[in-house]
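Chain by chain, the residues:
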Amino acid sequence: QVQLVESGGGLAQAGGSLRLSCAASGGTFSRYTMAWFRQAPGKEREFVAGISRGSGSTYYADSVKGRFTISRDNAKNTVYLQMNSLKPEDTAVYYCAATPRIFLRVQLFSRSNEYDSWGQGTQVTVSS
């Protein structure tokens, strides 16, 4: 399994921006489908964004569409989450996830049990 380490979390004001990074090691990064999930206190972990291996197609939760952008740099073994127009409800621990599977159905990107490797998480706090 690939090892994942997130960074870039912190405190931001509503309307501000943060960029999360997830560095991967121990595998051929370009062969992994990657995703970001988040978990707020007292809530279940939820899908935020995913990016496919190969074509780099991207998918987003409706709650972040138009504000967040997921991207990957295979040369740097890193996936990013650019978060703009942040809202207090974006406050959560953000997790990076990876799987070598190719998802033939878009719905599979949002299922946490489809991913084999997880990072330790990075806290994002948005103040109003």
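Residues numbered from 1 in each chain as written. Predicted model: local features only at pLDDT ≥ 70, side-chain atom pairs only at ≥ 80, totals over all residues. Heavy atoms only, no water.

Asker: Honestly, the overall build of the chain in this entry has me stumped. Any pointers?
Answerer: Helix and strand counts for the chain come out as zero helices and 11 strands. Along the chain, from the amino end to the carboxyl end, the secondary structure elements read β-β-β-β-β-β-β-β-β-β-β. Rg of the C-alpha trace for the chain: 13 Å, near the compact-globule value of 14 Å for 128 residues, within the 12% margin. Considered along the principal axes of its C-alpha atoms, the chain spans approximately 40 × 25 × 25 Å. Looking at the chain as a whole, 44% of its 128 residues are labelled buried. Across the chain, the fraction of contacts at a sequence separation of at least 24, relative to all contacts at a separation of at least 6, is 59%. (Helix = DSSP H or I, 4+ residues; strand = E, 2+ residues; numbered from the N terminus. Rg over C-alpha atoms; globule rule 2.2 N^0.38 Å. Buried < 20%, exposed > 50% of the residue type's maximum accessible area, 1.4 Å probe, protein only. Contact = heavy atoms within 4.5 Å.)

Asker: Can you walk me through the pattern of salt bridges in this structure?
Answerer: Side chains that differ in charge, positive against negative, can pair when their charged atoms come close. Using the criterion set out here, one finds five salt bridges in the structure. One salt bridge in this structure joins E46 and R38, with 2.6 Å as the shortest N-O distance. Its relative accessible area of 6% is what places R38 among the buried residues. Each of R38, E46, R67 and D90 takes part in one network of salt bridges that share partners. (Salt bridge = Lys/Arg side-chain N within 4 Å of Asp/Glu carboxyl O.)

Asker: Honestly, the nonpolar core in this entry has me stumped. Any pointers?
Answerer: Generally speaking, soluble globular proteins have nonpolar side chains that are buried together. The biggest cluster of nonpolar side chains holds 38 residues, and the ones touching the most others in it are M34, W36, V79, L81, M83 and Y94. For this core, the elements supplying multiple residues, two or more each, are β3 (18-25), β4 (33-39), β5 (46-51), β7 (68-73), β8 (78-83), β9 (92-99) and β11 (122-127). No other element matches β9, which puts five residues into this core. In this view, L81 contacts L18, R19, L20, W36, V48, A49, F68, T69, I70 and Y94; residues no more than four positions away in its chain are not counted. (Core = buried A, V, L, I, M, F, W, Y, C linked by side-chain atoms within 4.5 Å.)

Asker: Explain the side chain of S52 to me, please; I cannot follow it from the model alone.
Answerer: By secondary structure assignment, the location of S52 is in the loop between β5 and β6 (58-60). A relative accessible area of 10% places S52 in the buried class. Side chain to side chain, S52 and S55 meet in a polar contact 3.1 Å long. Not counting residues up to four positions away in its chain, the partners in contact with S52 are T33, S57, R72 and F109. (Polar contact = N/O pair within 3.5 Å; in protein donor to acceptor, adjacent residues only side chain to side chain.)

Asker: Any chance you could explain the sheet that holds β3 here in plain terms?
Answerer: Where strands meet in a sheet, backbone hydrogen bonds hold them as pairs that are either parallel or antiparallel. Ordered in space as β1-β3-β8-β7, the four strands form an open sheet in which the pairing is antiparallel. Looking at strand neighbours, the two that pair on one side only are β1 (3-7) and β7, the edges of this open sheet. On average, each strand axis in the sheet is inclined to that of its neighbour by 15°, with strand direction left out of account. Across six bridges, β7 lies against β8 in antiparallel orientation. Each residue of the ladder has a partner; that of D73, found in β8, is T78. (Pairing = 2+ DSSP bridges. Axes fitted to C-alpha atoms, helices over the stretch in contact; angles between N-to-C directions.)

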